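# Structural overview for review
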Amino acid sequence: MIQNGIEQCDTVEIHTELVKLVNEKMPKEEELYDLAELFKVFGDSTRIRILFVLFEAEVCVCDLAQALHMTQSAVSHQLRILKQNKLVRSRREGKSVFYSLADSHVRTIIDQGREHIEEE
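Everything quoted here is computed from the prediction, not taken from an experiment.

Okay, the packing of aromatic side chains next. Per the counting criterion, the structure on display carries 2 aromatic pairs. Geometrically, the ring pair formed by F39 and F42 is tilted, given 6.3 Å between the ring centres and 45° between the ring planes. According to the relative accessible area criterion, F39 is partly exposed, its value standing at 46%. In this structure, R107 packs its charged tip against the face of F55, placed 4.4 Å from the ring centre.

So this is what it looks like as structure tokens:
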């Protein structure tokens with residue numbers, strides 16, 4: 001049966017052992033919320049562009065702004081979000097602050113996403 005464009009079972013039959021197994025493996029609500037919030041960060045193409053720059057090099061806000069044709073203020077705003085979500089880190093060198101990826105997981109997440117959208 002199809003309802004609202006979604007295929008559905010023709011009868012209602014609860015597979016209790018399967019439901020029990022799924023419920024035992026389900027993460028806590030707080031963890032699910034945190035995960036959803038993390039993926040929201042990846043929902044902005046400007047932040048994705050910043051991450052792609054950081055795949056190549058550690059850069060300062062000035063360099064990022066120039067590479068992405070954005071204002072330093074706009075870049076700083078996005079970097080703050082990325083840093084709050086532990087996707088980038090910063091280090092000070094004299095008067096400059098350089099940004100880099102926080103760890104290899106960031107690249108893995110982006111690579112997995114690219115792989116997924118390129119599937120046929």
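What follows concerns the pairing of strand β4 (residues 88–93). Summarising the sheet, β4 and strand β5 (residues 96–101) pair through 6 bridges and their orientation is antiparallel. If you follow R89 over to β5, its bridge partner there is S100. What sits between the antiparallel neighbours β4 and β5 is a turn of 2 residues, in which G94 has the positive phi angle 65°.

Turning our eyes to something else, we now look at the sheet that holds strand β3 (residues 59–60). Pairing is antiparallel in the open sheet, where 3 strands are placed in the order β3-β5-β4. Since the sheet does not close on itself, it has two edges, and those belong to β3 and β4, each with one partner.

One non-glycine residue with positive phi stands out, namely H69, at about 55°. Tracing the chain through its elements places H69 in the loop between α4 (61–68) and α5 (72–84). One non-glycine residue, K86, lies in positive phi territory at about 60°. Checked against the element boundaries, K86 lands in the loop between α5 and β4. In this structure K86 comes out as exposed when scored by relative accessible area, which is 66%.

Taken together, the side chains of L18, L21, V22 and M26 define a hydrophobic patch exposed on the protein surface, amounting to about 360 Å² of accessible area. Along the chain, the position of L21 falls in helix α1 (residues 16–25). A residue is classified by how much of its surface remains accessible, and L21, at 43% relative accessible area, is partly exposed.

Let's shift gears to the packing of helix α3 (residues 45–56) against helix α6 (residues 104–118). One way to put it is that α3 packs onto α6 with a least axis distance of 11 Å and a crossing angle of 115°. Where α3 crosses over α6, the handedness of that crossing is left-handed. Where α3 abuts α6, its residues I48, L51, F52 and F55 lie against V106, R107, I110 and R114.

Rules of the game
- Residues numbered from 1 in each chain as written.
- Predicted model: local features only at pLDDT ≥ 70, side-chain atom pairs only at ≥ 80, totals over all residues.
- Heavy atoms only, no water.
- Phe/Tyr/Trp six-rings, centres within 6.5 Å; stacked < 30°, edge-to-face > 60°.
- Buried < 20%, exposed > 50% of the residue type's maximum accessible area, 1.4 Å probe, protein only.
- Lys NZ or Arg CZ within 6 Å of the ring centre and 35° of its normal.
- Pairing = 2+ DSSP bridges.
- Helix = DSSP H or I, 4+ residues; strand = E, 2+ residues; numbered from the N terminus.
- Patch = residues over 30% accessible without salt bridge, like charges linked within 9 Å, V, L, I, M, F, W, Y side chains within 5 Å.
- Areas by Shrake-Rupley, 256 points an atom, 1.4 Å probe, with all protein chains shown as cover.
- Salt bridge = Lys/Arg side-chain N within 4 Å of Asp/Glu carboxyl O.
- Axes fitted to C-alpha atoms, helices over the stretch in contact; angles between N-to-C directions.
- Left-handed = near helix turned anticlockwise from the far one by under 90°.
- Contact = heavy atoms within 4.5 Å.

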